[in-house]
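Listed here are the chains, written in short residue letters.
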Amino acid sequence: MPLPVSEVSPPDTPRRNPVDAFFVWNRRLHYYLGLSLLFFCWLFALTGLLLNHPKWEFAQFWPTRVQTRAEQEFRGPEGTTDLARARDLMRQFGLAGEVQWPNAQAAAGPFSFQVTRPGRAVEVKADLATRRATLQQTDVNVWGVVHVLHTFTGVRTTDAVNERDWFLTTIWALSMDAVAAGLVMMVCSSYVMWYRLRTKRRGGIVALLAGLATCGVFVVGLRWLM
Amino acid sequence: MRRFYLLTRDLHLYLGLFVSPFILLFAISVFFLVHGLPGAAGPVPPDAPRTVTGVHMPPGVATLQGRARVDALRPVLDTLGVEGEVDFIRHVARQHRLVIPVRVPGRETTVTLDYEEGTAVVSSRAQPVSDALVYLHKTPGPHNVDVRGNAVFMRVWRALADATAYLLMFITVSGIYLWTSLRAERRIGIALLVAGACSFFGLAYAVAR
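Cut-offs applied
- Counting restarts for each chain, with residues numbered from 1 along the sequence as it is written.
- To read the labels, note that chains go from A and ligands from 1, taken in the order they are written.
- Local features in this predicted model are restricted to residues whose pLDDT is 70 or higher, and side-chain atom pairs enter the listing and the counts only when it is 80 or higher, whereas totals over whole chains, interfaces and linings include all residues.
- Two strands pair if DSSP finds at least two bridges between them.
- The secondary structure listing takes helices from DSSP runs of H or I that are at least 4 residues long and strands from runs of E that are at least 2 residues long, numbered from the N terminus.
- Put simply, a nonpolar core is a cluster of buried Ala, Val, Leu, Ile, Met, Phe, Trp, Tyr and Cys residues tied together by C-beta atoms within 7 Å.
- To sort residues by exposure, count the other C-beta atoms lying within 10 Å of each residue's C-beta; 20 or more gives buried, 12 or fewer gives exposed, and values between give partly exposed, all with C-beta atoms placed from the backbone.
- Contact between two residues is assigned whenever their backbone-derived C-beta positions fall within 7 Å.
- Orientation is described by axes fitted as lines to C-alpha atoms, over the contacting stretch for helices, and by angles from 0 to 180 degrees between their N-to-C directions.

Which parts of the structure should I look at to understand the pairing of strand β5 (residues 132-139) of chain A?
In summary, the side chains of a regular strand alternate between the two faces of the sheet. All names here are of chain A. Pairing geometry for strand β1 (residues 66-73) and β5, over eight bridges, is antiparallel. Along β5, the bridge assignment pairs Gln67 with Thr138. Pairing geometry for strand β4 (residues 120-127) and β5, over eight bridges, is antiparallel. What sits directly across from Glu123, in β5, is Gln136. Between β4 and the antiparallel strand that follows it, β5, lie four residues; Arg131 among them carries a positive phi value of about 60 degrees.

In C-alpha cells form, the structure reads like this:
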C-alpha cells in the first residue's frame, strides 16, 4: 500500500539539525510508548468500564466467591512492631500480600489484620494467649482479580491507618505511575505531531477545543455553574 | 484499502485530540490516587454554615430508602439552593436527622436536615482542582449503585467516562494498524510490544497468583 510521504518513517540517516531529530524522536516516542503500554492501557480501560457498570452480569464476581475457614497454631509472633509480628505470622501461615489493619485493635481481643492481593483476601485473627489463629479466606474469580488490579495501590486517600507495605504493591503502583506518565507523554507528543500537519490544523483545533471545553466544564466549570 | 487507511488515520487524529483532555485528567489523577495525595494535603476548612428554618419535608422521608429517598429530598435540596450529586444519605434516627453530602467536582456541601423540626444546616467546602480530578476519576464507580447518577451532570459524566474508555481502545487498535504500515519501525515495535506484554502479564501474575 503506497503511503503519503508524511506517513513514511524517516530513514535512519544522520539528522541535519536538532529540530529534525526532535521531531523524529517525538514521533518514535509516541508509538514506542503506545506499543509498550498497550496491555496496561487495555486493562485500565476495560476495568474502568467494569467499575462504572457494576451490574454487568458477565463480570460478576462477589456472588460466586469461595470462602474457606481454617485454624492454625503458631509460634511467637516475633517482631517489635505490629507489622513485623503480622509478617512473622504470614510467613508461618504461608501468606503473602498487602496488610490491611482494622481501625483499632480490640484491647482484649485477638491480634487482627487482613492480607489482601488481587483475587484473595485472608482475614487473620490470632489469639496471642492460646497461640491459635483463625484464617477466613475469600477467593474471587478472574473478574474479581481484574477489578482489584485497577485499584490495587495499598493506600486510600481517606484511610490514614494503612500504608503500602508489600513490595509487589509498590511495583504495581509504580507501573500505574509509569502508565500515567506514558499517557501524558503520548498526548504531548501527539500535539506536536498534529501541529506539524498543516492541512489538519483547523479540524484538529475544533476537536481539541471541543474536548477541552467538555472536560473543562467538569473539572472547573461545575463549581461555578451549580 | 488506501481510503480505509486515510479514514483510520483521520479518526485516530481527531478522536484522539478530542479525548486527549480526558486522558490527561485520568492520567494526572492517577498520581494523586496512587500516592494518597489529597489526604496528605489535609482538610480545607468549610465556609460558615447557614441554618434554614421552616423547611417543608416530604412525608415519610425517614422511612424511605435508597434512590426513592434521594428523589424525595431533591425538591428540598433545590429549595435550599444545593445542587449536585447526593453521595449517600445517613439517617441518625435518635436525633431525627438526615445527613446528606452533596458533591460537584470542586465543592462538597453537607446538608443536615432535622425532619421533626423542619430545619436544615448547610455547610459548604471548596476543594482544590486535585480533589476534583480524583472525584471525577472515581465516579460513578462501583459503590452506592442504587443512588449514583441522581444528578444530571453525573449521568453525563458517566457517558463521557465510558466514551473515554471506548475511545482509548479504538485509538490503541487504530494506532496498531497505523504502526503496521511503517515497515522501518516494525521490528523494534514488535520487540516493544512483546516486552510490554511480558512485563504486564508477568507483573499481573506475580501480584495475583
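Teacher, can you tell me more about the nonpolar core here?
Note on soluble globular proteins: their nonpolar side chains tend to be buried together. The biggest cluster of nonpolar side chains holds 58 residues, and the ones touching the most others in it are Val179 of chain A together with Ile23, Leu25, Leu136 and Leu168 of chain B. Once residues lying within four places of it in the same chain are set aside, the contact partners of Ile23 of chain B are Leu183 and Val187 of chain A together with Thr164 and Leu168 of chain B.

Explanation requested: the sheet that holds β1 of chain A in the structure shown.
Picture the strands of a sheet paired through backbone hydrogen bonds; they go either parallel or antiparallel. Residues and elements named next belong to chain A. Pairing is antiparallel in the open sheet, where five strands are placed in the order β1-β5-β4-β3-β2. Edge positions in the open sheet fall to β1 and β2 (98-100), since each of these has one partner strand only. If you compare each strand with its neighbour and ignore which way they point, the axes differ by 20 degrees on average.

I tried to follow unusual backbone geometry on my own but got confused; where do I start?
When glycine is set aside, most residues are seen to have a negative phi, and most peptide bonds are trans. Going from Gly76 of chain A to Pro77 of chain A, the amide bond is cis rather than trans, its omega being 0 degrees. Looking at where Pro77 of chain A falls in the secondary structure, it is placed in the loop between β1 and α3 (82-93). Residue Pro140 of chain B follows Thr139 of chain B across a cis peptide bond; omega there is 0 degrees. Examined against the element boundaries, Pro140 of chain B turns out to sit in the loop between α4 (129-138) and α5 (152-180). With a phi close to 55 degrees, His96 of chain B is a non-glycine residue in the positive phi region. The residue His96 of chain B is located in the loop between β3 (90-92) and β4 (97-104) in this model. Judged by the 13 C-beta atoms lying within 10 Å of it, His96 of chain B falls in the partly exposed class.

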